[in-house]
Amino acid sequence: MHGKRVGIVVRRQRYRCDHCHQPFLDPLQGVDEHHRMTVRLRSYLETQALSRPFSALAELSGFDEKTVRRVLGDAVKQWDKT
């Protein structure tokens, strides 16, 4: 927010399916379930990856460089499908 790192703490209720007994969470609007970040941050990383190195994006976002690489690797897979 305004060029500074911000963390969001989300507490969600876990539920268990009556039929298969698998636990699940209600989906949150605006949160990417696969990467534990907002959709907005993910799209920002995807656009900035074209002009900045992964290490700079990791420092900027507060995530590990490995996480940034995984997010962008998934984005490339999506781009290849289209």
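Our subject is the structure listed above.
What is the right way to read the nonpolar core from this model?
Most often, soluble globular proteins keep nonpolar side chains buried together rather than apart. M37, L45, L57, A58, V68, V71 and L72 form the largest nonpolar core, which has seven residues in total. Contributing elements (two or more residues each) for this core: α2 (54–61) and α3 (65–81). When residues of this core are assigned to their parent elements, the largest contribution, three residues, is made by α3. Setting aside chain neighbours within four positions, we find L57 in contact with L45, Q48, A49, R52, V68 and L72.

Would you take a moment to explain the pattern of salt bridges for this structure?
Proximity of charged atoms lets side chains of opposite charge pair with each other. Going through the model one piece at a time under the given rule, you end up with three salt bridges. In this structure, the salt-bridge partner of E65 is R69, at a minimum N-O distance of 2.7 Å. Here E65 and its partner R69 are both found in helix α3, four residues apart, which amounts to about one turn of the helix. The exposure class of E65 is partly exposed, given its relative accessible area of 28%. For R69, a relative accessible area of 44% translates into the label partly exposed. Taken together, the shared-partner salt bridges in this structure form one network comprising D32, R42 and E46.

So what exactly am I meant to see when it comes to the packing of helix α1 (residues 39–48) against α2 here?
Two packed helices can be described by the angle between their axes and the distance between those axes. Put simply, α1 and α2 touch, their axes get as near as 10 Å, and they point 150 degrees apart. Considered as vectors, α1 and α2 are oriented roughly antiparallel to each other. When you trace α1 past α2, the crossing you get is right-handed. Residues L41, Y44, L45 and Q48 of α1 form the contact with α2, whose own contacting residues are L57, L60 and S61.

Parameters and conventions
Residues numbered from 1 in each chain as written. Predicted model: local features only at pLDDT ≥ 70, side-chain atom pairs only at ≥ 80, totals over all residues. Heavy atoms only, no water. Core = buried A, V, L, I, M, F, W, Y, C linked by side-chain atoms within 4.5 Å. Buried < 20%, exposed > 50% of the residue type's maximum accessible area, 1.4 Å probe, protein only. Helix = DSSP H or I, 4+ residues; strand = E, 2+ residues; numbered from the N terminus. Contact = heavy atoms within 4.5 Å. Salt bridge = Lys/Arg side-chain N within 4 Å of Asp/Glu carboxyl O. Axes fitted to C-alpha atoms, helices over the stretch in contact; angles between N-to-C directions. Parallel < 35°, antiparallel > 145°, perpendicular 65-115°, else oblique. Left-handed = near helix turned anticlockwise from the far one by under 90°.

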